Amino acid sequence: MTTTIAKKGMNLTVKNIQAFYGESKAVKGVSIDFPANKITALIGPSGCGKSTLVRCLNRMHEEGSSASVRGKVLLNEENIYGADVDPVSVRRTIGMVFQKPNPFPTMSILDNVLAGPRLSGDRAHATRKHAEQALRDVGLWAEVKHKLNRPAADLSGGQQQRLCIARAIALEPEVLLMDEPCSALDPISTQRIEELVLRLKKRFTIVMVTHNLQQAQRVADRTAFMLDGELIEVAATSNLFNKPKDSRTKKYVTGQFG
Amino acid sequence: MSVFIATSRRRLVTNVLIKSLLLAGVIAALLPLVLVIGYVFAKGLPAFSADFFLTDPTGAFFGDQGGIRSAIIGTFAIVGLASLIAIPTGIALAVYLNEIGKKSKLASGIRYGVDILTGVPSIVFGLFIYSVLVIGDFMTGFAAWKGSLALALLMLPVVIRAGEVSLAMVPTTLREAALALGAPRWRVILFVVLPSAVSGLVTGSLLAIARTAGETAPLLFTVLGAQALTMSFVEPMNSLPLQIFNDIRQPNPDLVTRAWGAALTLILLILVTTLIARFAARRNRI
Ligand SMILES: Nc1ncnc2c1ncn2[C@@H]1O[C@H](COP(=O)(O)OP(=O)(O)O)[C@@H](O)[C@H]1O
Ligand SMILES: [Mg+2]
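Residues numbered from 1 in each chain as written. Chains lettered and ligands numbered in written order. Predicted model: local features only at pLDDT ≥ 70, side-chain atom pairs only at ≥ 80, totals over all residues. Heavy atoms only, no water.

### Notes on the overall build of chain A
What counts, and what does not: A run of H or I in DSSP becomes a helix once it reaches four residues, and a run of E becomes a strand once it reaches two; helices and strands are each numbered from the N terminus. Burial status follows relative accessibility: with a 1.4 Å probe on protein chains alone, a residue under 20% of its type maximum counts as buried, one over 50% as exposed, and anything between as partly exposed. Contacts are assigned to residue pairs that have any heavy atoms within 4.5 Å of one another. Shrake-Rupley sampling with a 1.4 Å probe provides the accessible areas, and residues are treated as covered by the protein chains on show and by no other component. Only four residue types enter the charge count: Lys and Arg as positive, Asp and Glu as negative, with His and the chain ends excluded. Charge positions are represented by NZ for Lys, CZ for Arg, CG for Asp and CD for Glu.
The helix and strand inventory of chain A stands at 10 helices and 10 strands. Here chain A holds 258 residues, and 56% of them are scored as buried. Partitioning the intrachain contacts of chain A with sequence separation of at least 6 by distance along the chain shows that 68% fall at a separation of at least 24. In the structure as shown, chain A presents an accessible area of about 11,100 Å², 47% of it carried by carbon and sulfur atoms. The distance from the centre of the 36 positive side-chain charges to the centre of the 26 negative ones in chain A is 3 Å.

Rendered as structure tokens:
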């Protein structure tokens with residue numbers, strides 16, 4: 001069904017990122033590598049700074065009022081926080097999928113997929129053919145091809161989330177950030193998203209926040225454990241879950257706190 | 001012994017008492033409304049005829065006095081121009097307040113100004129335009145556009161306030177979704193925020209129109225009034241409130257009837273606008 005062309009992704013390297021809400025520091029100097037064409041899961045108790053960290057990776061964090069960031073994030077050696085880098089171009093290259101499916105309610109299914117190219121002024125990719133490809137990539141084409149002009153709100157939650165993924169990949173980003181993409185979905189929809197994410201890693205570098213430890217074990221190549229704004233441990237997923245080095249990681253993955 | 005306690009007599013009495021008080025309140029609130037509308041209908045309906053709507057007032061005291069065509073069209077023209085000025089300006093300011101300036105000094109300054117503007121009596125806007133543009137140093141004379149300007153000042157705070165409220169109702173998640181797609185802020189506003197708020201913006205604008213359409217005071221000193229139909233905004237123009245104001249003071253029952261007819265026409269126009277506003281508010285809720 002998918003005609004995904006394997007494409008070499010890019011490495012994302014985080015160097016000592018600190019993120020603030022006003023005076024309070026939510027991410028306290030995190031350094032981590034997100035290797036190309038791998039899925040890295042971010043786990044940790046709620047409030048530990050997973051969403052904040054992910055929002056630093058495509059310069060969304062600074063959009064919040066009185067929010068600020070310090071540190072570097074390198075995409076193939078280029079700092080996205082460089083002085084002359086336009087945050088808008090960063091977000092085009094590093095796509096994001098949110099916790100709650102958020103299709104644009106005033107737009108049709110088709111227009112939602114094309115919203116990225118259109119909103120970023122990329123006429124070349126704002127074609128119906130391109131939208132069809134993105135919808136095929138997320139396995140939604142068969143379900144929506146007969147109602148492309150219906151409002152996106154007509155879709156189920158799981159379909160809406162896949163639509164949001166299609167919307168993000170229609171921009172052909174290098175990196176896909178996903179902040180608990182399944183937490184609002186039922187188990188069947190969750191399974192479909194997981195299969196989809198596994199397919200998409202051929203093309204993208206994927207960072208996926210999840211509060212579901214089983215999910216991390218099912219899909220992630222590498223898993224990072226965060227606690228209280230700090231990165232405690234990052235390792236190959238099976239190592240992190242079976243042979244955690246840090247006692248706090250062990251406590252968390254064995255369900256003793258969080 | 002029963003598990004339940006019998007309803008106390010006192011509670012029954014209190015219940016009846018409170019209910020009748022509430023009913024009395026509702027009647028007290030609705031009665032004047034029904035009386036006013038009923039009265040205007042009774043007084044104004046006899047004036048209605050095809051000629052009433054299709055001919056201009058002649059200005060004659062006896063004989064053929066004409067209808068109110070120029071007043072209806074004048075009201076549409078004056079209020080229309082006022083809307084063209086106030087609605088885009090008001091929505092632009094609402095966008096500034098809610099999307100761009102937010103907590104800035106300028107934004108709180110504008111909010112303060114809007115609050116003051118809301119409380120200014122309409123006659124003051126009329127006087128202001130009168131002293132600056134009608135008998136001012138740079139410009140003199142009555143003209144329809146000057147009345148539109150006075151009405152626009154009256155509409156502006158209503159449009160801004162309603163606009164701010166409907167923009168604030170657009171969920172942040174939509175703005176974030178658009179920003180995360182690499183949209184510059186202006187595109188986020190134009191293609192995501194405004195379309196999502198459109199029903200609220202339409203409702204607010206229509207209510208502002210309905211509120212100002214019947215204003216007389218700002219027009220008295222600026223538009224003056226006229227008999228004949230004119231489409232020129234640089235001349236005095238007729239309008240429904242001015243027609244009513246002039247006719248009702250005439251010692252001639254026919255002219256007084258025309259005033260009531262004009263009043264009924266005005267009420268019906270405002271009613272239709274308000275109904276459209278309600279309809280718009282009900283559609284496309286997010
Ligand atoms: N908009 C905000 N303003 C202030 N503090 C915030 C905001 N969002 C999150 N925080 C705080 O930052 C910390 C990290 O939050 P978050 O990144 O959302 O955690 P997680 O995604 O791991 O649950 C928490 O202590 C939270 O209270
Ligand atoms: Mg979170």
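### Quick notes on the site of ligand 1
Residue and element names in this part refer to chain A. Threshold: We call a residue near a molecule or strand as soon as one heavy atom of that residue lies within 4 Å of the molecule or strand. N or O atoms within 3.5 Å of each other form a polar contact, as long as, within protein, one can give a hydrogen and the other can take it, and as long as residues adjacent in sequence are counted only when both atoms are side-chain atoms. Residues were grouped as follows: Ala, Val, Leu, Ile, Met, Phe, Trp, Tyr, Cys and Pro as nonpolar; Asp, Glu, Lys and Arg as charged; and all remaining residues, including Gly, as polar.
Surveying the vicinity of ligand 1 reveals the residues Tyr21, Ala26, Ser46, Gly47, Cys48, Gly49, Lys50, Ser51 and Thr52. The contact in question runs from an oxygen atom of ligand 1 to an N or O atom on the backbone of Gly49, over 3.1 Å. A distance of 2.4 Å is found between an oxygen atom of ligand 1 and a side-chain nitrogen or oxygen belonging to Thr52. Considered on its own, ligand 1 offers 560 Å² of accessible surface; in the complex 54% of this is hidden by protein. Among the residues making up the shell around ligand 1, the classes are represented as 3 nonpolar, 5 polar and 1 charged.

### Some thoughts on the pattern of salt bridges
To be explicit about the condition: We define a salt bridge as a contact between a side-chain nitrogen of Lys or Arg and a carboxyl oxygen of Asp or Glu at a distance within 4 Å.
For the structure shown, the criterion picks out 20 salt bridges over all chains. Here A:Glu62 makes a salt bridge to A:Arg59, at a shortest N to O gap of 3.1 Å. Residue A:Arg59 is classed as buried on the basis of its relative accessible area, which comes to 11%. Across the pair A:Arg150 and A:Asp154 runs a salt bridge whose closest N-O atoms are separated by 2.8 Å. Several salt bridges converge on common partners, so that one network encompasses B:Arg111, B:Asp115, B:Arg161 and B:Glu164.

### A few points about the pairing of strand E7 (residues 175-179) of chain A
All names here are of chain A. Worth spelling out the cut-off: At least two DSSP bridges between two strands are needed for those strands to be called paired. For the handedness criterion, the strands are oriented away from the viewer, and a crossover whose path from the first strand over the helix to the second runs clockwise is classed as right-handed.
Extensive coverage of E7 is indicated by the burial of 5 of its 5 residues. Burial along E7 is two-sided: the face carrying Val175, Leu177 and Asp179 and the face carrying Leu176 and Met178 are both buried. Relative to E7, strand E6 (residues 94-97) runs parallel, the two being bridged by 4 bridges. Residue pairing in the sheet places Met96 in a bridge with Leu177 of E7. Here 5 bridges tie E7 to strand E8 (residues 205-209), and the two strands are oriented parallel to one another. Within E8, the position partnered with Leu177 by the bridge is Val207. Once the chain exits E7 it traverses helix H7 (residues 187-200) before rejoining the sheet at E8, and the crossover so formed is right-handed.

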